Amino acid sequence: MTTNRQLLLPYALPYLAYVGIALIPLSLLGQPFNYLCRLAVVPLLLFWAWRWYCPLTGPRSLPGSIATGAAAGLVGLLLWLALLAPFVHPDEASPWTLLAFLLRLLSAGLVVPLFEELMMRGFVFRLVFQWNQARRTGQPDPLHVALDHRSINEVTPGSWSWPAVIGSTLAFTSGHVVTEWPAAIAYGLLMAWLAIRRQDLIACITAHAVTNISLALFVYATDSWHFW
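From a predicted model like this one, the values you see are computed outputs, not experimental measurements.

**Thoughts on the nonpolar core**
Among the nonpolar cores identified, the biggest contains 62 residues, and Tyr11, Phe115, Leu118, Leu215 and Trp228 are the most heavily contacted of them. For this core, the secondary structure elements donating two or more residues are helix H1 (4–22), helix H2 (31–49), helix H3 (62–84), helix H4 (98–136), helix H5 (142–148), helix H6 (162–174), helix H7 (181–198) and helix H8 (202–222). In terms of residues, this core owes the most to one element, H4, which gives 17 residues. Not counting residues up to four positions away in its chain, the partners in contact with Leu118 are Tyr11, Leu46, Trp50, Tyr53, Leu56, Phe123 and Leu201.

And the structure:
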């Protein structure tokens, strides 16, 4: 059995690489080249780590999960816009160049949904679920049990607990700027519900992709760059 401690690096590395590249100052790495680096590095890491990942599909039908995910993604877009609007202003942002926009669209639509859902709803959600199980059964060190004596691959699809929902949502929210926290909390809860409802990750990945792509198209079509 591959323990959760051993699985931590394969799940976290694509996420950390994406964030690390994003933090490089624009003076050192311009916007287009920054996104080119993300599009080159992160898929390679995902390819390397794929053997350790849990299945994306579950017991429910694939078309049903894709359709449900697409619908949830549009709901997520509306939630994101409504909850972010009070904290942003049109004067705070300027238009992106077409090249930078297209590269970010590719990144946000194809790469981010995959590694972020694998990390948040695939790993963190299930790890916290197993920690809570160990805690409830009276284990003296439930975190040690969850990390070194459990594997998230043992978790039955659709299994959940409130600590798992809250923990994965907070982890997801922490990856966003403060002004996005209300929207990120709502979106994290929506993705947790979707993972429980559909008992797979493909619905969450589809939803995340639909939200990110539709947000990008909305921003570009309406010149609402402050939402991006």
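**What to know about the pattern of salt bridges**
Applying the stated criterion to the full structure yields two salt bridges. Its salt-bridge partner being Asp148, residue Arg5 comes within 2.6 Å of it at the nearest N-O pair. Of this pair, Arg5 sits in helix H1 while Asp148 sits in helix H5, placing them 143 residues apart in sequence. A relative accessible area of 46% places Arg5 in the partly exposed class. Among the salt bridges present, the one from Arg121 reaches Glu117, with a minimum N-O distance of 2.9 Å. In this pair, Arg121 and Glu117 are both assigned in helix H4, four residues apart and thus about one turn of the helix distant. Across the pair, Glu117 and Arg121 agree in class, each one buried.

**Considering the environment of Ser65**
Take Ser65: it is sitting in helix H3. You can call Ser65 buried: its relative accessible area is 0%. Ser65 sits 132 residues away from Arg197 along the chain, and the two C-alpha atoms are 9.5 Å apart. In this structure Ser65 touches Arg198, Asp200, Ile202 and Ala203, once residues within four positions along its chain are discounted. In this structure the side chain of Ser65 is engaged in a polar contact, spanning 2.4 Å, whose partner is the side chain of Asp200.

**Regarding the packing of H3 against H7**
A pair of packed helices is characterised by two quantities: the angle between their axes and the separation of those axes. Following both chains from N to C, one finds H3 and H7 inclined at 165 degrees, their axes separated by 9 Å at the closest point. Comparing the axis directions of H3 and H7 gives the class roughly antiparallel. In this structure, H3 meets H7 at a crossing whose hand is right-handed. Of H7, the residues touching H3 (which contributes Gly64, Ser65, Thr68, Gly69, Ala72, Gly76, Leu79, Trp80, Leu83 and Leu84) are Pro182, Ala183, Ala184, Ala186, Tyr187, Leu190, Leu194 and Arg198. Residues belonging to the contact of H3 with H7 are distributed by class as follows: twelve nonpolar, five polar and one charged.

**Quick word on H3**
If you check H3, its first and last C-alpha atoms are 32 Å apart, about what 23 residues at 1.5 Å a residue would give, namely 33 Å. Inspection of H3 places Ser65, Gly69, Ala72, Gly73, Gly76, Leu77, Trp80, Leu81 and Leu84 among the buried residues, and these make up the whole buried set. Structurally, H3 contributes buried residues whose contacts are with H7 and H8. The backbone nitrogen of Gly64 lies 3.1 Å from a side-chain oxygen of the residue at the head of H3, namely Ser61.

**Considerations on the packing of H4 against H8**
Relative to each other, H4 and H8 sit at 155 degrees, their axes nearing to 8 Å. Our classification of the angle between H4 and H8 gives roughly antiparallel. You can see that H4 and H8 cross each other, and the crossing is right-handed. When H4 is examined against H8, the residues Leu98, Phe101, Leu105, Ala108, Gly109, Val112, Pro113, Leu114, Glu116, Glu117 and Arg121 are found in contact with a partner set consisting of Cys204, Ile205, His208, Ala209, Asn212, Ile213, Ala216 and Tyr220. When the residues that make up the contact of H4 with H8 are grouped by side-chain class, the tally is 13 nonpolar, three polar and three charged.

**A word on H2**
Over its 19 residues, H2 runs 27 Å from end to end, which matches the ideal 27 Å to within 8%, given 1.5 Å per residue. Within H2 the residues assigned to the buried category are Asn34, Tyr35, Cys37, Arg38, Val42, Leu45, Leu46 and Ala49. Projected onto a plane normal to the axis of H2, the buried residues spread over an arc of 150 degrees and lie on a single side. Within H2, the exposed residues directed more than 90 degrees away from the buried face are Leu44 and Phe47. Contacts from the buried residues of H2 go to H1 and H4.

Rules and cut-offs
- Residues numbered from 1 in each chain as written.
- Predicted model: local features only at pLDDT ≥ 70, side-chain atom pairs only at ≥ 80, totals over all residues.
- Heavy atoms only, no water.
- Core = buried A, V, L, I, M, F, W, Y, C linked by side-chain atoms within 4.5 Å.
- Buried < 20%, exposed > 50% of the residue type's maximum accessible area, 1.4 Å probe, protein only.
- Helix = DSSP H or I, 4+ residues; strand = E, 2+ residues; numbered from the N terminus.
- Contact = heavy atoms within 4.5 Å.
- Salt bridge = Lys/Arg side-chain N within 4 Å of Asp/Glu carboxyl O.
- Polar contact = N/O pair within 3.5 Å; in protein donor to acceptor, adjacent residues only side chain to side chain.
- Axes fitted to C-alpha atoms, helices over the stretch in contact; angles between N-to-C directions.
- Parallel < 35°, antiparallel > 145°, perpendicular 65-115°, else oblique.
- Left-handed = near helix turned anticlockwise from the far one by under 90°.
- Nonpolar A, V, L, I, M, F, W, Y, C, P; charged D, E, K, R; others polar.
- Expected span 1.5 Å × (residues − 1).
- Arc of directions from axis to C-beta.

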